[in-house]
Every structure is written in C-alpha cells, then in structure tokens.
Amino acid sequence: MMLKVATWNVNSLKIRLPQLLDWLYTQQPDILALQETKITDPCFPKLHISAAGYQVVFSGQKAYNGVATLSRLPASDVATGMPGLEDPQRRVLGATIGGIRVLNIYIPNGQIIGSEKYSYKLSWLDKLYSWITMELSCHRWLFLIGDFNIAPEDRDVSNPISSDERIFCSSPERFAFQQLIKLGLRDTFRIFPQKEQSFSWWDYRSAAFHRNLGMRIDHILASQELADVCISCYIDESQRRLARPSDHAPVVSEFDFRLY
DNA sequence: ATGGTGGCGCGGCCA
C-alpha cells in the first residue's frame, strides 16, 4: 500500500479551484495540505472538494493566509492554532488522519530582515519549535508540511550570493529549520538524489519561472518512522507552467505505509 | 532596476 502526501501553496483557492480539482484527479494524493487559500470558512468550496472524493478541514480568513487539509480518510483532533500564540492570522491546521498527525503550516514571509514582519516570523518559529516538540512526544507518525518560507541551504536558492542576508535564507531562519530537523524530522526531498536547481517557488515577476530563478521553500518533513518508509519525493513543476498558475508548485512525497 | 507580477478588492497591502 502506498501513501501519497502533498503540499501546495495555491495562492487563492477561489482562482485555483479548477486547477486543484484537475490535479486531485490526476495525482490522487491521500493527504494534501493547502496554504494561502485566501477564503473565509463560510465561502470554502467544500462541495467541490467532497465531489472529488475528499474530506476537508480548513481555517481561513479574508484575502490573506488560510490553510486547508484534504484527505481520503476523515480528520480528527483538529487544531487551528499553536499553543501560546494568539494569532488572528490563519496559518496553522493540525489534524489526525488514519493514525498520522498531519501539521499543515504557513510560516510568515518575513518580508525584510529586521522588519516587524521578520520579528513576527522569528517569534512564530519559536512557538512552532515548542509546539512540534510537544506533538512529537505523543505522535510517532507525524508530518510537518507546508510553505515554510525558508530555503534550508544555499543549494535551495537559484542565486545564493550573499544569501546570508536575504529573506528566507538568513541564519536565524535556517537555524530554526535545523532545530526542527534536530527534533527528529527528516526533509523527505533530501532523502533522495535530486536534480540541481530544484525549486518549489518562483516569483511572478521578471519571468522568474522561465529562467528558473526560484527557491525551495515548501517542504514535507516526516518523523523518523515515516521517513524510513519514504520511497520518493518530487516537485510537480507542471502546475507552474499552466495559464494563471500559483507562484508555488506542489511538492509530493510517497511512502510505503498503509493508512488505517 | 528604489523595478518587475498577481490576488484581493477598488486603495493599498501582501507576497
């Protein structure tokens, strides 16, 4: 039995719904984490999602942020925030699906190093570390997936020159990512050999996708016991080539694991 | 390039 898990920042679910439904039909993931749904809960297109054969939980807001998790099996123990962080921004969605804890996150962008938004990102990452520590203590099967807005290494950036002082690449951001790895999570993409210059996000501007100027900032982290049975991880760049694409491509990981 | 594109929603904000 194979378990297929994916993450995709769709940059507006309303605009991307036709693409999402096409993608679900062809890819048939068991679990899909969406970010930047940009839609309020009453407006969420759950009929379309269920018609495609998926259960869904979501936590949205108007115009910004918003996360949703689709799955073949129903979700329980849903969490829409992190302990110790009163945050009106909808960036977190935890759920237990078929015995696996699935934590879908949309880490703040940070905008400019030293800005207020950057401070918010770092304190958010601090809360995330505590939360993941706690979640790992009670779930042996756990995924931490989503848009991290962090490029973990220089090889995850098309132009790593002076990357140390660039947003997504700064030492505090990369340190926070490594702290999650130290907790026992594995970056499933790096379990396997990958082509150089592999990215999951490309700026809409300056024909960045065409020139492959991007970053790998969307990640599927798995607890050790799931990483042990991970059989592949890839970025589906085909979605970025379509008309009116999201600026992010879906990331997919497959596991030799049976959901129950 | 102190720029550039896209989404939301109709003036900026956010990415």
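Since this is a predicted model, take the numbers as computed values, not measurements.

Rules and cut-offs
- Residues numbered from 1 in each chain as written.
- Chains lettered and ligands numbered in written order.
- Predicted model: local features only at pLDDT ≥ 70, side-chain atom pairs only at ≥ 80, totals over all residues.
- Heavy atoms only, no water.
- Core = buried A, V, L, I, M, F, W, Y, C linked by side-chain atoms within 4.5 Å.
- Buried < 20%, exposed > 50% of the residue type's maximum accessible area, 1.4 Å probe, protein only.
- Contact = heavy atoms within 4.5 Å.
- Pairing = 2+ DSSP bridges.
- Helix = DSSP H or I, 4+ residues; strand = E, 2+ residues; numbered from the N terminus.
- Axes fitted to C-alpha atoms, helices over the stretch in contact; angles between N-to-C directions.
- Phe/Tyr/Trp six-rings, centres within 6.5 Å; stacked < 30°, edge-to-face > 60°.
- Lys NZ or Arg CZ within 6 Å of the ring centre and 35° of its normal.

1. Here's the deal with the nonpolar core
Of all hydrophobic cores here, the largest spans 32 residues; its most connected members are Leu3, Ile100, Phe143, Leu226 and Phe255. In contact with Phe143, other than residues within four places in its own chain, are Leu3, Val5, Ile100, Arg101, Val102, Leu103, Ile220, Leu221, Ala222, Leu226 and Phe255.

2. A word on the sheet that holds strand β6 (residues 92–97)
Across the sheet, six strands lie side by side as β5-β6-β7-β8-β12-β9; this open sheet has mixed pairing. At either end of the open sheet lies a strand with only one pairing partner, and these are β5 (75–79) and β9 (185–187). Each strand axis lies, on average, 20° off the axis of its neighbour in the sheet, ignoring direction. Here strand β7 (residues 100–106) pairs with strand β8 (residues 142–147) via six bridges, running parallel. From the neighbouring strand, Tyr106 faces β8, where its bridge partner is Asp147.

3. Some thoughts on the packing of aromatic side chains
Within the structure shown, the criterion is met by seven aromatic pairs. Aromatic pair Trp141 and Phe257: ring centres 5.3 Å apart, planes at 75°, arrangement edge-to-face. Pair noted here: Trp141 is in the loop between α3 (116–138) and β8 and Phe257 is in the segment after β14 (251–255), with a separation of 116 residues, a long-range link. Like Trp141, the residue Phe257 is buried in the burial classification. On the numbers, 4.9 Å between centres and 55° between planes, the contact of Phe143 with Phe255 is tilted. Residue Phe143 is located in strand β8, and its partner Phe255 is located in strand β14; the two are separated by 112 residues in the primary sequence. Of the two residues, Phe143 and Phe255, neither departs from the other in class, the shared state being buried. The cationic tip of Arg72 hangs over the ring face of Tyr54; the distance from NZ or CZ to the ring centre is 4.1 Å.

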